[in-house]
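Tertiary structure, described
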Amino acid sequence: MADPDILLEVLGLSRHFKVQATPSSPSRTLEVLRGVDLTITAGEMASIVGQSGTGKSTLLHILGTLDRPTAGSVVYRGTDVFSMSEGALARFRNHNIGFVFQFHHLLAEFSALQNVMLPGLIAGMSPQQASKRAEPLLEQVGLADRLSHRPGELSGGEQQRVAFARALVMQPDIVFADEPTGNLDTATSEEIHALLVRLNRETNTAFVVVTHNVRLAWLMNRHLLLEGGVIRELRDDEAPEGFLPKRKDTHGGAA
Ligand SMILES: Nc1ncnc2c1ncn2[C@@H]1O[C@H](COP(=O)(O)OP(=O)(O)OP(=O)(O)O)[C@@H](O)[C@H]1O
Ligand SMILES: [Mg+2]
């Protein structure tokens, strides 16, 4: 029996890319991920940091089942996701996983409410059911009076709030966010950070957040570094100056 607390187990994950030959160099293989081991428990908040180009987005896409690994496994609550058919995997993703990207990826022609309803509609809910879920979430992220605004009529911070509401509308176990405040000013980033912490507390959704923002990283309970194609837990003495590590868990996690 799988431990009910363990949400996600990643074992020996690697992702290689074939790089085409150019007139001056032969084709080669780029080994971006080289054996990532990671365990995420239910309701956990983890940050992933690492230099540009180390494979953070690549890893997040695989954990979120948007891309397949070259080798290794991703197991959600005991199910090896990459053994599923494409159709089953798409349904699994729709129901269990939320995403927030650096640029919100909202649909420009739709209102905030319609954007948040969309995952519900895709899952087969009626418009009434979907809006019944979406409206309270938009309220929860502070946008009760922006329901009919289109993305172009919202500020950058408001757009990211809509993106978080959309990510949460199917009540997923986990939300992956890739530099969710990378495009925002400091004050707006701080608001989104506070929102993230509050949403984690209120919904018990696990958040795995890739960020270059040390303030955001250090709001999380776990701090992971992707370096050389593998992940390791950052040590307390690696916290940036002025940031006290806030680890509350004893779950072990990354190998
Ligand atoms: N589809 C692909 N084909 C070939 N190479 C790729 C592909 N996707 C990513 N890469 C390469 O893999 C490496 C990791 O890319 P990735 O986007 O995961 O980095 P990152 O850590 O998210 O960087 P950043 O912090 O700049 O967003 C990069 O060197 C990139 O050029
Ligand atoms: Mg990236």
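Here's a quick rundown of the structure. (Residues numbered from 1 in each chain as written. Chains lettered and ligands numbered in written order. Predicted model: local features only at pLDDT ≥ 70, side-chain atom pairs only at ≥ 80, totals over all residues. Heavy atoms only, no water.)

**Considering the pairing of strand β7 (residues 174-178)**
Applied cut-off: Relative accessibility under 20% of the residue-type maximum defines a buried residue, over 50% an exposed one, and the middle range a partly exposed one, all with a 1.4 Å probe and only protein chains included. The numbering of helices and of strands both runs from the N terminus, where a helix is a DSSP run of H or I of at least 4 residues and a strand a run of E of at least 2. Any two strands are treated as partners once DSSP identifies two or more bridges connecting them.
Along β7, five of the five residues are buried, which leaves the element largely enclosed by surrounding structure. Residues of β7 alternate between two faces, with Ile174, Phe176 and Asp178 on one and Val175 and Ala177 on the opposite face, all of them buried. With four bridges connecting them, strand β6 (residues 97-100) and β7 associate as parallel partners. Bridging from a neighbouring strand, Phe99 pairs with Phe176 of β7.

**Observations concerning the sheet that holds strand β2 (residues 28-41)**
Rules: Residue contacts are counted whenever heavy atoms from the two residues lie within 4.5 Å of one another. Only the stretch in contact is used when a helix axis is fitted, and all axes are lines through C-alpha atoms; the angle between N-to-C directions ranges over 0 to 180 degrees.
Spatially, β2-β1-β4-β5 is the arrangement adopted by the four strands of the open sheet, whose pairing is antiparallel. The open sheet has two free edges, formed respectively by β2 and β5 (79-80), since each of these has just one partner strand. The pairing of strand β1 (residues 6-19) with strand β4 (residues 71-76) spans five bridges and is antiparallel. Pairing of Glu9 across the sheet is with Val75, part of β4. Sitting on the sheet, helix α1 (residues 56-63) is in contact with β1, β2 and β4, with an inclination near 125° to β1.

**What to know about the packing of helix α5 (residues 156-168) against helix α6 (residues 186-203)**
In plain terms, the rule: Any angle that falls under 35 degrees is termed roughly parallel, while one over 145 is termed roughly antiparallel, one within 65 to 115 roughly perpendicular, and all others oblique. Two helices crossing with the near one rotated counterclockwise from the far one by less than a right angle form a left-handed crossing, whereas a clockwise rotation gives a right-handed crossing. For this scheme, ten residues count as nonpolar: Ala, Val, Leu, Ile, Met, Phe, Trp, Tyr, Cys and Pro. Four count as charged, namely Asp, Glu, Lys and Arg, and the remainder, Gly too, count as polar.
The contact between α5 and α6 brings their axes to 10 Å, and the two run at 20°. Classified by the interaxial angle, the pair formed by α5 and α6 is roughly parallel. The two elements α5 and α6 meet at a crossing, and its hand is right-handed. Residues Gly157, Gln160, Arg161, Phe164 and Leu168 of α5 touch α6, and the partners they reach there are Thr188, Glu191, Ile192, Leu195, Leu196, Leu199 and Thr203. Grouping the constituent residues of the contact of α5 with α6 by class yields six nonpolar, four polar and two charged.

**Quick look at the pattern of salt bridges**
Rules: The working definition used for a salt bridge is a side-chain nitrogen of Lys or Arg within 4 Å of a carboxyl oxygen of Asp or Glu.
Within this structure, the stated rule accounts for twelve salt bridges. A salt bridge links Arg222 to Glu44; the nearest nitrogen and oxygen atoms lie 2.8 Å apart. Of this pair, Arg222 sits in strand β9 (residues 222-227) while Glu44 is found in the loop between β2 and β3 (45-49), placing the two residues 178 residues apart along the sequence. For Glu191, the salt bridge identified is with Arg161, shortest N-O distance 3.2 Å. Here the residue Glu191 occupies a position in helix α6, and Arg161 occupies one in helix α5, the gap between them amounting to 30 residues. Relative accessible area serves as the criterion here: at 14%, Arg161 is assigned to the buried category. What emerges from the salt-bridge pattern is a single network uniting Glu44, Arg222 and Glu233.

**Comments concerning the environment of Ser83**
Quick reminder of the rule: Contacts described as polar in this section are N or O atom pairs within 3.5 Å, which, within protein, must combine one atom able to donate a hydrogen with one able to accept it, while residues neighboring in sequence count only if both atoms come from side chains.
Structurally, Ser83 can be placed in the loop between β5 and α2 (86-96). Residue Ser83 is classed as exposed on the basis of its relative accessible area, which comes to 59%. C-alpha of Ser83 to C-alpha of Leu195: the two residues are 112 residues apart in sequence and 35 Å apart in space. Separated by 2.6 Å, the side chain of Ser83 and the backbone oxygen of Asp80 make a polar contact.

**Description of the site of ligand 1**
The condition that has to hold: Distances are taken per atom, and a residue is near a molecule or strand as soon as one of its heavy atoms is within 4 Å of it. The method behind every accessible area is Shrake-Rupley, applied with a 1.4 Å probe, and residues are considered shielded solely by the protein chains displayed.
Among the 13 residues in the neighbourhood of ligand 1, the closest are listed as Ser52, Gly53, Lys56, Ser57 and Thr58. One of the backbone nitrogen or oxygen atoms of Gly53 is found 2.8 Å away from an oxygen atom of ligand 1. One of the side-chain N or O atoms of Ser57 is found 2.9 Å from an oxygen atom in ligand 1. For ligand 1, the accessible surface in isolation is 640 Å², of which the surrounding protein chains cover 59%. Put simply, the parts of the chain that give the shell around ligand 1 at least two residues each are β2 and α1. Top contributing element to the shell around ligand 1 by residue count: α1, with three residues.

**Some points on α2**
Listed in full, the buried residues belonging to α2 are Leu89, Phe92, Arg93, Asn94 and Asn96. On the buried face of α2, the contacting elements are β4, β6, α3 (112-122) and β7.

**Observations concerning the sheet that holds β3**
Ordered in space as β6-β7-β8-β3-β9-β10, the six strands form an open sheet in which the pairing is mixed. Two strands bound the open sheet, and with one partner strand each, they are β6 and β10 (230-233). Strand after strand, the sheet turns through a mean of 20° between neighbouring axes, direction not considered. One ladder, built from four bridges, connects β3 with strand β8 (residues 206-210); its direction is parallel. The residue bridging Met45 from the neighbouring strand is Phe207, located in β8. Together, β6, β7 and β8 form the strand contacts of α5, whose direction differs from that of β6 by roughly 170°. Lying over the sheet, α6 contacts β3 and β8, oriented at roughly 155° with respect to β8.

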